[in-house]
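Here's the letter readout for the chains.
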Amino acid sequence: MNLSETSISDQPASRAKRPAKSAPGVDPSAASPIPTSPLAAPVVAAGVATISHLSEKLAEYMTPADLKKVREAYRFSDEMHLGQVRKSGEPYISHPIAVAEICADWKLDAQAIMAALLHDVMEDQDVKKDELIERFGAPVAHLVDGLSKLEKIEFQSQIEAQAENFRKMLLAMASDVRVILIKLADRLHNMRTLEVMAPAKKRRIAGETMEVYVPIAHRLGLNNIYRELQDLAFSHLYPLRYHVLSKAVKAARGNRREVVKKILESVKNTLGMAGISAEVYGREKTLYGIYKKMRAKHLSFSQVLDVYGFRVVVDSFANCYVALGTLHSLYKPMPGKFKDYIAIRKLNGYQSLHTTLIGPYGTPVEFQIRTQEMHRTAESGVAAHWLYKNSDANMSDLQQRTHAWLQSLLDIQQQTGDSAEFLEHVKVDLFPDSVYVFTPKSKIIALPRGATPIDFAYAIHTGIGDHTVGVNINGEAAPLRTELRNGDIIEIVTDNSSRPSPTWLSFVRTGKARSAIRHHLRTINLPESIRLGQQLLNQALHAINIDPQLPDNLTERLLNESSAKSLDELYADIGIGKRMAALVARHIFGMLGGEAASAPVDHTSAAELDPVTIYGSEGVSVQLAPCCLPIPGDQIVGQLRRDQGLQVHTGDCTVAKRQRQKEPDRWIAVKWAPELNRRFDTRIKLLINNEKGILARVAAEIGESDGNITFVGMDEDKEHILHQLRFTIQVKDRVHLAGLLRNVRRVAGVNRVSRERA
């Protein structure tokens, strides 16, 4: 996904005042295929753009003084974009005006409207931040800066540049949520006017919208924008599917009109007889919502029965439940189809009662029941803060939830190594599906679906996550990788001497947990990572006949071009697998005037380097793979895992062979040190007779052979004649293990014994 574009634009015309650059905006006059929403862009005749319609909207809630400031921002933006046009022939200024109108629908303040009008001037027209501060004040300049792309920085890759732009926008949003509101308005207008772009660019922009901006809109509770962006992106990603579904929905709309009318009349009459004042209206599922349901449940369109639903907006909290009971007396509810999002609201603040009833003719019908305040929050989410400033406690609670999430972005940023990693963590937290679990004191914690006790511990506090050693779920001990379910009561067991394990990264789901674990692994064994990285880089330099003792001027240039603050930081990045030693060495070769800097990396060259010596006593930066548990005497290979350091496998490990085919450049030669003064875990399995005392005899023989047992397991066959025993034992090396296996094989009742492989 290309995240580097703040907005999507066409080539501007030449300008007299400032040299125009490629502008990011999108298209134009072509009408969107999506039915117009309440936020639909105003119709602007080609070649004409005014703010009269925007001024009318702003006059409803702004003071004359604020209106004057907005007009000044408009005049400046119009001057800067003078001569710049879109592919439709419209003046480019029509895009900032449309973005400002969407923001005005939320009744955002004057600073936000000004920033919406100015959001492209820094990026497109070389307007400096200092100039904006002088003309419009620091708050407006900060908003525009948060919306603008970074200056031209040479990143290692286009992906890194994209991720860095997105990181900048999210961090600006964390300090001021208006940044993302303006950005979403910008993206919405771009998507509405995407039709004239080339098909490949339409698909790329639509994919980026679906992957990044749709989840953000959902997370902030901006359901109107969330639904419209989804359908717009769907129409450009899968135009044929969109067209077919659109025709089917229109046909169904006509066929079901009578059913909808009958349900509306019945519901209004029943609620009226119960003395409940309510607004009742039908709603149609979005095309993407229907498509997603068809894909998930493998249904044809005719099998999707709940294309239509109904919304009941009542006047009080208590009447939500009264209306629910009234509807259940009118139509029979479907078992298991009731959800109370009022008692336990969604992460984005959404509150409603959901129930599915069997309507006339046996058709399932979904109802959503909510108050007027809940309805405002459901439609406008965090933007309702500006729409209804004198709102009740529910709204302030939503703001607190949003603030907590934005604050977590700052926490993740502080612990994250680079922009791509930051983006990865944030994307994880944008998944809309959630599970709701409880602390022992009955506090509700919302986590992404698939979250584990480790995610729960880090959600409570980073310190608790770092020291977690066990968990009780609903009063019973459970593994730390257990997937949490709705309603679980979680009690974390901690130990101050415990530290995060690299294996946690294989099953945690939240961005906060993942970033905290990686931060710990990077910092706790920093000296060790530096030593390993220096050794790997020296080997890579020797392989291409370069002296590892680089001159000072070359070292300084290398640090500048790699964005590392010091050689130790560069070594540490190599030691934990964030950078590849061979690539850094080739870059140095290119700096010295060599021709191989841009040549393809020879993945076989790693095997020709002097092996890295393994002592077995290393910490986090060097780990013995749990799949094969290598011991001294085994042929071994090393895998540099991203942000997890070096993992050592046996040469015949099947897991290593599979992974080596996928990432051959991450494997290096390693060897055991000549003298090792520790014991190593390995696994053995025995096939034994089911007879009295056999386990004791085997355990005694292992002890007499100077082995230490750390785990015992047993598998029983169906006839209860033979058992398979599994041991994890500690030995010195392969010679020690071979002698131990010989001794155990002589125990009476043991039929077979062998070392267990991956």
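Residues numbered from 1 in each chain as written. Predicted model: local features only at pLDDT ≥ 70, side-chain atom pairs only at ≥ 80, totals over all residues. Heavy atoms only, no water.

*Asks:* When you look at the overall build of the chain in this model, what are you seeing that I'm missing?
*Replies:* Helix and strand counts for the chain come out as 29 helices and 19 strands. Going through the 758 residues of the chain one by one, you find that 51% of them count as buried. Of the roughly 35100 Å² of accessible surface on the chain, 51% is carried by carbon and sulfur atoms. (Helix = DSSP H or I, 4+ residues; strand = E, 2+ residues; numbered from the N terminus. Buried < 20%, exposed > 50% of the residue type's maximum accessible area, 1.4 Å probe, protein only. Areas by Shrake-Rupley, 256 points an atom, 1.4 Å probe, with all protein chains shown as cover.)

*Asks:* How do you make sense of helix 2 (residues 64–80) when you look at a structure like this?
*Replies:* Residues three or four positions apart in an α-helix share a direction because the helix packs 3.6 residues into each turn. In a regular helix each residue adds 1.5 Å, so 17 residues correspond to 24 Å; helix 2 covers 25 Å between its end C-alpha atoms and thus fits that length. Buried within helix 2 we find Leu67, Val70, Ala73, Tyr74, Phe76, Ser77 and Met80. Looking at the buried side of helix 2, the elements it contacts are helix 1 (52–59), helix 3 (94–105), helix 4 (110–118), helix 5 (121–125) and helix 6 (129–136). (Expected span 1.5 Å × (residues − 1). Contact = heavy atoms within 4.5 Å.)

*Asks:* How do you make sense of the nonpolar core when you look at a structure like this?
*Replies:* What tends to happen in soluble globular proteins is that the nonpolar side chains get buried as a cluster. In terms of nonpolar packing, the biggest core is built from 74 residues, with Ile113, Leu118, Leu132 and Leu184 touching the most fellow members. Apart from the residues lying within four places of it in its own chain, the contact partners of Leu118 are Ala73, Phe76, Ser77, Leu132, Phe136, Val140 and Val144. Leu536, Ala564, Ala581 and Leu640 belong to the second largest nonpolar core, which has 50 residues in total. (Core = buried A, V, L, I, M, F, W, Y, C linked by side-chain atoms within 4.5 Å.)

*Asks:* Just to check I follow, could you spell out the packing of helix 3 against helix 9 (residues 178–192) for this structure?
*Replies:* Packed helices, taken two at a time, are described by their axes: the angle between them and the distance between them. Interhelical geometry of helix 3 versus helix 9 gives an angle of 125° and a closest axis separation of 9 Å. The orientation of helix 3 relative to helix 9 falls into the category oblique. For the crossing formed where helix 3 meets helix 9, the hand is right-handed. From helix 3, His95, Ala98, Val99, Ile102 and Cys103 reach across to helix 9, where they touch Ile182, Ala185, Asp186, Leu188, His189, Asn190 and Arg192. (Axes fitted to C-alpha atoms, helices over the stretch in contact; angles between N-to-C directions. Parallel < 35°, antiparallel > 145°, perpendicular 65-115°, else oblique. Left-handed = near helix turned anticlockwise from the far one by under 90°.)

*Asks:* Is there a simple way to explain unusual backbone geometry in this structure?
*Replies:* Keep in mind that most residues, glycine aside, have a negative phi and that most peptide bonds are trans. Its identity as a non-glycine residue notwithstanding, Asn545 has a phi of 60°, on the positive side. Here Asn545 is to be found in the loop between helix 23 (526–543) and helix 24 (552–562). Of the residues examined, Asn545 reaches a relative accessible area of 74% and is grouped as exposed. Positive phi outside glycine occurs at Asp706, with the angle close to 65°. For Asp706, the location among the structural elements is in the loop between helix 28 (694–704) and strand 17 (708–716). Look at Asp706 and you get partly exposed, because its relative accessible area is 35%.

*Asks:* Whenever I open this one, a positive patch on the surface confuses me. Can you help?
*Replies:* Residues Lys297, Lys337, Lys339 and Arg449 make up a contiguous surface patch of positive charge. As for its position among the elements, Lys337 is in strand 3 (residues 332–340). (Patch = residues over 30% accessible without salt bridge, like charges linked within 9 Å, V, L, I, M, F, W, Y side chains within 5 Å. Salt bridge = Lys/Arg side-chain N within 4 Å of Asp/Glu carboxyl O. Lys, Arg positive; Asp, Glu negative; His and termini not counted. Charge placed at Lys NZ, Arg CZ, Asp CG, Glu CD.)

*Asks:* What should I look at first to understand the packing of aromatic side chains in this one?
*Replies:* Aromatic ring pairs are defined here through the distance separating the ring centres and the angle between the ring planes. Applying the stated criterion across every chain, the model contains 10 aromatic pairs. Residues Phe234 and Tyr291 carry aromatic rings whose centres are separated by 4.7 Å and whose planes lie at 25° to one another, so their mutual orientation is stacked. Of this pair, Phe234 sits in helix 11 (residues 223–237) while Tyr291 is found in helix 14 (residues 287–297), placing the two residues 57 residues apart along the sequence. Just as Phe234 is buried, Tyr291 falls in that class too. Ring plane angle 75° and centroid distance 5.5 Å describe the contact between Trp672 and Phe680, whose orientation is recorded as edge-to-face. Classification of Phe680 by relative accessible area gives buried; the value is 0%. Here the aromatic cluster, defined as three or more aromatic residues joined through ring pairs, consists of Phe234, Tyr238, Tyr242, Tyr288 and Tyr291. Here the guanidinium or amino end of Arg678 rests over the ring plane of Phe680, the centre of that ring lying 4.2 Å away. (Phe/Tyr/Trp six-rings, centres within 6.5 Å; stacked < 30°, edge-to-face > 60°. Lys NZ or Arg CZ within 6 Å of the ring centre and 35° of its normal.)

*Asks:* Can you walk me through the sheet that holds strand 9 (residues 476–478) in this structure?
*Replies:* In a beta sheet, neighbouring strands are held together by backbone hydrogen bonds and run either parallel or antiparallel to one another. Pairing within the open sheet is antiparallel, and its three strands lie in the order 9-8-10. Strand pairing shows two members of the sheet lacking a second neighbour, strand 9 and strand 10 (490–494), which therefore form its edges. On average, each strand axis in the sheet is inclined to that of its neighbour by 35°, with strand direction left out of account. Note: strand 8 (residues 468–473) against strand 9, three bridges, orientation antiparallel. Each residue of the ladder has a partner; that of Ile473, found in strand 9, is Glu476. (Pairing = 2+ DSSP bridges.)

*Asks:* So what exactly am I meant to see when it comes to the confidence of the model for the chain here?
*Replies:* Interpretation of the predicted coordinates at a detailed level should be avoided for regions scoring low in pLDDT. With 75% of its residues at a pLDDT of 70 or more, the chain shows a mean pLDDT of 77. Mean pLDDT across the elements of the chain ranges from a minimum in helix 17 (residues 384–387), with 47, to a maximum in helix 29 (residues 734–745), with 93. Contacts from residues 150–157, a stretch scored under 50 in pLDDT, to residues over four places away or in other chains number nine contacts. (pLDDT = per-residue confidence, 0-100.)

*Asks:* I would appreciate a short explanation of the environment of Lys443 in the present structure.
*Replies:* Its location among the elements puts Lys443 in the loop between strand 6 (434–438) and strand 7 (444–448). Separated by 46 residues in the primary sequence, Lys443 and Ile489 place their C-alpha atoms 9.5 Å from one another. In contact with Lys443, other than residues within four places in its own chain, are Val437 and Phe438.

*Asks:* Could you clarify how one ought to interpret the pattern of salt bridges in this entry?
*Replies:* For side chains bearing opposite charge, pairing can occur when the charged atoms are close. Under the defined criterion, the tally for this structure stands at 15 salt bridges. Between Asp145 and Lys129 there is a salt bridge whose closest N-O contact spans 3.7 Å. Residue Asp145 is found in helix 7 (residues 138–147), and its partner Lys129 is found in helix 6; the two are separated by 16 residues along the sequence. Under the relative-accessibility criterion, Lys129 is labelled partly exposed at 24%. Glu691 serves as the salt-bridge partner of Arg697, at 2.8 Å between the closest nitrogen and oxygen. The class of Glu691 is partly exposed, set by a relative accessible area of 34%.

*Asks:* Would you mind showing me how to read the environment of Val744 here?
*Replies:* Residue placement: Val744 occurs in helix 29. Overall, the relative accessible area of 0% leaves Val744 in the buried class. Apart from residues lying up to four places away in sequence, Val744 is in contact with Leu686, Val698, Glu701, Ile702, Val750 and Val753.

*Asks:* How do you make sense of the side chain of His649 when you look at a structure like this?
*Replies:* Following the sequence through the fold, His649 ends up in strand 14 (residues 645–650). Residue His649 is classed as buried on the basis of its relative accessible area of 1%. Non-local contacts of His649, meaning those with residues more than four positions away in its chain, are made with Ala625, Cys627, Cys628, Pro630, Gln635, Ile636, Val637, Gln639, Ala656, Gln659 and Trp667.

*Asks:* Where do I start with helix 11 in this structure?
*Replies:* Between its first and last C-alpha atoms helix 11 spans 21 Å; for 15 residues at 1.5 Å apiece the expected length is 21 Å, and the two agree. Buried within helix 11 we find Asn223, Ile225, Tyr226, Glu228, Leu229, Gln230, Asp231, Leu232, Ala233, Phe234, Ser235 and His236.

*Asks:* Teacher, can you tell me more about the packing of helix 4 against helix 7 here?
*Replies:* The geometry of helix 4 relative to helix 7 is characterised by a closest axis approach of 9 Å and an angle of 45° between their N-to-C directions. If you check the angle between helix 4 and helix 7, you find them oblique. Classified by chirality, the crossing of helix 7 by helix 4 is right-handed. Here Gln111, Ala112, Met114, Ala115 and Leu118 of helix 4 come into contact with helix 7, specifically with Pro139, Val140, Leu143 and Val144. Residues belonging to the contact of helix 4 with helix 7 are distributed by class as follows: eight nonpolar, one polar and no charged. (Nonpolar A, V, L, I, M, F, W, Y, C, P; charged D, E, K, R; others polar.)

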